[in-house]
Amino acid sequence: MRFCARDIPARAGVGLKAPHYRDILEGGPDIGFFEIHAENYMGAGGPPHAYLTAIRERYPLSLHGVGLSIGSHGPLDKEHLARLKAVEQRYEPGLFSEHLAWSTHDTSYFNDLLPVPYDRETLARVCDHIDEVQVTVGRRMLLENPSTYVAFRQSTMSELDFLREVVRRTGCGLLLDVNNVYISAVNHETSPEAYLDDFPVEHVGEIHLGGHAPDIDDEGRPLLIDAHDRAVDTAVWGLYDRLLQRTGALPTLIEWDNDVPEWTELAAEAAAAERMLASHAEGPSHAATA
Amino acid sequence: MPRLPDLQAEFSAALTQPDAAVPDGVTAPSGGRANKRFAVYRNNVTVSLTAALEDSFPAIAKLLGDEYFAALAREFIRRHQPSSPLLAEYGAEFGDFLDAFPPLAAYPYLGDVARLEHAWLSAYHAADAAPLDPARLSAIPETSLGEVRFTPHPALRILASRWPILTLFKANRTGEEGQPPDLSSGGESVLVTRPSLNVTLSRLSPGASDFLEALCGGDTLGGAAALAIEKTAEFDLGTALQTALAAGAFSDIRTPG
């Protein structure tokens, strides 16, 4: 096989950004895996595919969709799903994930991950869409927990009950974004520790870490923005450490999508995650749940 | 309680209208006003699409300055939302929008510069193909040359302008200070190609854009040359063909029989 192994190791990876293509190919850094946004590799050809092919020959790859709009009431975009499948087949990624969010309405694409209410109607719609994705792409997907700024009065279940029910009905796995957990907990004034301790970690195939920006809401209360524009916050590292005590080492991605830093700064974030992973390499500490 | 389709319709409408009320049932944890919280989504849409346009149209951004570009992008986004998550395709109408935007009527070259930037991006993402080896054309007997037809390379784009768009493009995408445009140098026609990984922009000689458009439309070499001479007396077939072959404009040739 021309590609390196498909499996994603329980190590730290980073989101692949075009400014780093040359650093990676010329420097050959010791990174567990790279993750791509599927939409950046849906063009017919050119430099993105040439660089990604060369990187995929050397590193495991994870495929992360950002535009499928699984939480839309409307049908999935069949053309987009076909493009996603083509990227999956071309690059043979070890993991494949998308978001619990919507981004498309009628013919408009909003380029943001918009929140869904947690009720029976949305649950049915999301599960239908995940079934369609898994059948079309021909593999299990991981669904990522969202970061949100608002809630919906019509929600009738908790986010965790919603995710648990999606997993039960569709057989999909979960991508646990610890930065999203922290953002949502601060924004909704709930406990991130309680959320993490109750998360169905047995279904988690990957962890995301990223940076957020602080703001305040109408009433002057803290509002965190999921900006992916800076280093991982200390509070998020703390939650990650707490999570690893339950799960043991899992593939962990550093997301840094805006104000992308020099390669060395991004690599240092991955190294910090690797150190934490190494300290939990012996597996979950059952004392924590006993 | 709104059902999901109504909620998403209302949410979508409020995202793109700055003065719209926050949709019913969207709440803050206190149960209080969620105006600023909802505005985060509204802002994300505008800021992320503005960034996408700035990535795709850096010369326009440099010519106009960041502040003006951001305001202009907001107007464009309001009228042309992307219809696909493939943001490299977003902005196909940006050139036409600039042409028709009244406050920019004194800068009539902007539309063509934007079209050149869009062509550059579209060539960047075009399918890969090996360019035609010019030796294959040389091997054809002179008596049959007029009957040769060319297959355009997937990355080939042609832009003819009344304005010096190649000069403006290069001056404003080099990372140096934006330079005041010198419009006195006259119009430029540009051949956009990507023979391997790098997008190449070549200035075309007079009449060459008509000639290459005709070849791409399926005309024979003889037919396309005749058409170009008819439109432009000083058309030079040798120069036009050499420029196109050197730039990798074609992927194949066909001869009759």
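It should be noted that the structure appears before, not after, this text.
Cut-offs applied
- Residues numbered from 1 in each chain as written.
- Chains lettered and ligands numbered in written order.
- Predicted model: local features only at pLDDT ≥ 70, side-chain atom pairs only at ≥ 80, totals over all residues.
- Heavy atoms only, no water.
- Pairing = 2+ DSSP bridges.
- Helix = DSSP H or I, 4+ residues; strand = E, 2+ residues; numbered from the N terminus.
- Axes fitted to C-alpha atoms, helices over the stretch in contact; angles between N-to-C directions.
- Contact = heavy atoms within 4.5 Å.
- 1 Å grid on protein atoms, 1.4 Å probe; cavity = no way out; pocket = protein on both sides within 12 Å on 5 of 7 lines; lining within 4 Å.
- Points joined across faces, edges and corners; volume = space filled by probe spheres on them.
- Phe/Tyr/Trp six-rings, centres within 6.5 Å; stacked < 30°, edge-to-face > 60°.
- Buried < 20%, exposed > 50% of the residue type's maximum accessible area, 1.4 Å probe, protein only.
- Lys NZ or Arg CZ within 6 Å of the ring centre and 35° of its normal.
- Buried area = accessible area lost by both parts, 1.4 Å probe.
- Salt bridge = Lys/Arg side-chain N within 4 Å of Asp/Glu carboxyl O.
- Nonpolar A, V, L, I, M, F, W, Y, C, P; charged D, E, K, R; others polar.

**Q** Account for the sheet that holds strand S13 (residues 252-255) of chain A, with residues named and values stated.
**A** All names here are of chain A. Around the barrel, which closes on itself, the 8 strands sit in the order S1-S2-S3-S4-S7-S9-S10-S13 with parallel pairing between neighbours. Pairs of neighbouring strands in the sheet enclose a mean axial angle of 30°, with direction left out of account. Sheet analysis places strand S2 (residues 33-37) next to strand S3 (residues 61-64), joined by 4 bridges and oriented parallel. Along S3, the bridge assignment pairs Ile36 with Leu63. Across the sheet, helix H8 (residues 234-247) is in contact with strand S9 (173-177), strand S10 (204-210) and S13; its angle to S10 comes to roughly 165°.

**Q** I'd like to hear about the layout of surface pockets, residue by residue, with values.
**A** It is the rolling of a water-molecule-sized probe over the atoms that shows where space remains empty. Residue and element names in this part refer to chain A. There is about 440 Å³ of room inside the second largest pocket. Tyr118, Thr148, Glu159, His188 and Thr190 are the residues nearest the centre of the second largest pocket, which is lined by 23 residues in total. For the lining of the second largest pocket, the elements supplying multiple residues, two or more each, are strand S8 (151-152), helix H5 (159-170), helix H6 (178-188) and helix H7 (192-198). The leading source of residues in the lining of the second largest pocket is H6, at 4 residues.

**Q** Residues and numbers for the packing of aromatic side chains, please.
**A** This model, assessed by the stated rule, comprises 24 aromatic pairs over all chains. Considering the side-chain rings of Trp102 of chain A and Phe11 of chain B, the 5.5 Å spacing of their centres and the 75° angle between planes classify their relative orientation as edge-to-face. Here Phe11 of chain B lies in helix H1 (residues 4-16) and Trp102 of chain A lies in strand S5 (residues 102-105), a pairing that spans two chains. Take Trp102 of chain A and Phe11 of chain B: they sit in the same class, and that class is buried. An aromatic cluster of at least three residues, connected via ring pairs, comprises Trp102, Phe110, Tyr149 and Phe152 of chain A together with Phe11, Phe38 and Tyr41 of chain B. Here the guanidinium or amino end of Arg173 of chain B rests over the ring plane of Trp120 of chain B, the centre of that ring lying 4.6 Å away.

**Q** Go over the interface of chain B and chain A, please, and point to the residues and values.
**A** Residue-level contacts link 45 residues of chain B with 50 residues of chain A. In total, chain B and chain A occlude about 4300 Å² of area from one another, counting both sides; carbon and sulfur atoms represent 58% of this. Between the two partners, chain B and chain A, sit 5 salt bridges. Taking the shortest distance from any N to any O, the salt bridge between Arg33 of chain B and Asp218 of chain A comes out at 3.9 Å. Of all the elements in the fold, those that place two or more residues in the side of chain B that touches chain A are H1, strand S1 (26-27) and helix H2 (35-56) of chain B. With 10 residues, the top contributor of residues to the side of chain B that touches chain A is H2 of chain B. A class-by-class count of the residues in the side of chain B that touches chain A yields 24 nonpolar, 14 polar and 7 charged. When S8 of chain A meets S1 of chain B, the two strands line up antiparallel, connected through 2 bridges. Residue pairing across strands places Ala151 of chain A opposite Thr27 of chain B, the latter belonging to S1 of chain B.

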